[in-house]
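Notes for the structure review
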Amino acid sequence: MATLEELTTEATAEIEAAKPLYKQVNKERLEFTDDDYAQAVTDLANSKWNEQEFGYIQARQEAYGSIADQLDMQYWDKVNGTNTWQEHIAQVKSDNPKPA
Amino acid sequence: MAGSLIKIDEEIVTSAVASVELGGTDWDSSYDVYQLVISNMEMSLNNAQIRLKFLAGGTPQSTSNYDEASKVLVSNTTFANNSLPNYSAFVITYVGASTDTNARFNSNHFLFNMNNASEYSFMTQETSAFKNGAVLEGKQGGGVYTVAEAHNGVEITALGGNVTAGTFTLYGLKK
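Here's a quick rundown of the structure. Along each chain, numbering runs from 1 in the same order as the chain's sequence is written. Labels are handed out in written order, letters beginning with A for the chains and numbers beginning with 1 for the ligands. Selection of residues for local features in this predicted model requires a pLDDT of at least 70, selection of side-chain atom pairs for listing and counting requires 80 or more, and totals for whole chains, interfaces and linings are taken over all residues. Derived side-chain values reflect all non-hydrogen atoms in the structure, with water molecules and hydrogen atoms excluded from consideration.

**Quick word on the pairing of strand E10 (residues 121–131) of chain B**
Residues and elements named next belong to chain B.
- Alternating positions in E10 separate cleanly, Ser121, Met123, Gln125, Thr127, Ala129 and Lys131 being buried on one face and Phe122, Thr124, Glu126, Ser128 and Phe130 remaining unburied on the opposite face.
- Strand pairing is assigned whenever DSSP detects at least two bridges linking the two strands. Put simply, DSSP H or I for four residues or longer makes a helix, DSSP E for two residues or longer makes a strand, and each gets a number counted from the N terminus. In terms of strand pairing, strand E9 (residues 104–112) meets E10 through seven bridges, oriented antiparallel. Across the sheet, Ser107 pairs through a bridge with Thr127, a residue of E10.
- In this sheet, strand E11 (residues 135–145) lies alongside E10 in antiparallel orientation, the contact comprising eleven bridges. Counterpart to Glu126 in the pairing with E11 is Gln140. The classification of residues rests on relative accessible area computed with a 1.4 Å probe and restricted to protein chains. Under 20% of the type maximum is buried, over 50% is exposed, and intermediate values are partly exposed.

Put into structure tokens, the structure is as follows:
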């Protein structure tokens, strides 16, 4: 897992590569000030950190079957003596691991 | 009722910019409630987060005091609850925007308590994003910036990318 410092270095390189960046204020297109660039690096680094630390939550939410589908799995598991629902949940968790 | 929505500021983006600011020197503090409308926003980067910050004294506020909660409605998968406490901005997309030809981001926000220096400022959000692979994402929720200070505008940014087109309009709701 990358540290926040490492992610900040990565974000700095990305913002440097993206220069020049502009903002639109009062109908004018102005280049970022040094403070704007510094804030863009901070925002990007923090976003990378949040994605690294908490991105698995959103990824799991998207990967889980709907409640209706999961209930259907549980019904047929009970009827057929299978383990489909548990395997589905385990697969989603394993595909999107929580950071150590 | 005619004339009850008063346009305060508008920015029309036609060349790529990383951020757009509304209000600031154009801010009119005579309203209790404001409406922000983002129309047909296009992005330069797939899955770029669209973020919203409040301005104080004309400067975007970036402290980790933005709390947000919303329901995300997606056309190709399970709906999700989205909770983002103590962020440095409101993240008004869920997965992000898209560079697909027909991809657009549209949203409507109401802003409350902006002029009150002793209370927090709030916003509501109602978004509609047409994204990669013809997926529609809708988001409904609200947020609060937990710093008691007056605010005089908003900044919309495309994290890690650019806004390539769009109309950003700020209205005051006449009392």
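**Some details on the pattern of salt bridges**
Residue and element names in this part refer to chain A.
- We count a salt bridge whenever a side-chain nitrogen from Lys or Arg sits within 4 Å of a carboxyl oxygen from Asp or Glu. The final tally for this structure, using the stated rule, is ten salt bridges over all chains.
- A salt bridge links Glu10 to Lys48; its shortest N-O distance comes to 3.1 Å. Separated by 38 residues along the polypeptide, Glu10 in helix H1 (residues 4–18) and Lys48 in helix H2 (residues 34–63) bring together distant segments of the chain.
- Residue Asp36 pairs with Lys23 through a salt bridge whose shortest N-O separation is 2.8 Å.

**Let's talk about the environment of Asn83(A)**
- The residue Asn83(A) is located in the loop between helix H3 (67–80) and helix H4 (84–95) in this model.
- C-alpha separation for the pair Asn83(A) and Met73(A), spaced ten residues apart in sequence, amounts to 8.5 Å.

**Looking at the sheet that holds strand E1 (residues 5–13) of chain B**
Residues and elements named next belong to chain B.
- Strand order in the open sheet formed by eight strands is E1-E13-E3-E9-E10-E11-E6-E7, and the pairing between neighbours is antiparallel. The outermost strands of the open sheet, each flanked by one partner alone, are E1 and strand E7 (80–87). Across this sheet, the average inter-strand angle for adjacent strands is 15°, counted without regard to direction.
- Where strand E6 (residues 66–74) lies against E11, nine bridges are found, and the strand directions are antiparallel. Directly across from Val72, in E11, lies its bridge partner Lys139. To get an axis, a line is fitted to the C-alpha atoms, and for a helix only the part in contact is used. The angle between two axes follows their N-to-C directions and goes from 0 to 180 degrees.

**Observations regarding the packing of aromatic side chains**
- Stacked, tilted and edge-to-face pairs are distinguished by plane angle, under 30 degrees for stacked and over 60 for edge-to-face with tilted covering the rest, among Phe, Tyr and Trp rings (Trp via its six-membered ring) whose centres lie within 6.5 Å. Using the criterion set out here, one finds nine aromatic pairs over all chains in the structure.
- For the pair Tyr31(B) and Tyr34(B), a centre-to-centre distance of 5.8 Å together with 80° between the ring planes defines the contact as edge-to-face.
- Ring geometry for Phe54(B) and Phe90(B): centres 5.5 Å apart, planes at 80°, overall edge-to-face. Pair noted here: Phe54(B) is in strand E4 (residues 50–56) and Phe90(B) is in strand E8 (residues 90–91), with a separation of 36 residues, a long-range link.
- Exposure remark for Phe54(B): the relative accessible area of 0% places this residue in the buried category.
- By way of ring pairs, the aromatic residues Phe54(B), Tyr66(B), Phe90(B) and Tyr145(B) are connected into one cluster.
- Think of it as a cone above the ring: NZ of Lys or CZ of Arg counts as a charge over the ring if it is within 6 Å of the ring centre and within 35 degrees of the ring normal. Note that Lys19(A) overlies the ring of Tyr37(A), its terminal NZ or CZ placed 4.4 Å from the centroid.
- Over the aromatic face of Tyr22(A) sits the side chain of Arg29(A), whose NZ or CZ is 3.9 Å from the ring centroid.

So yeah, pure geometry; function would need other evidence.
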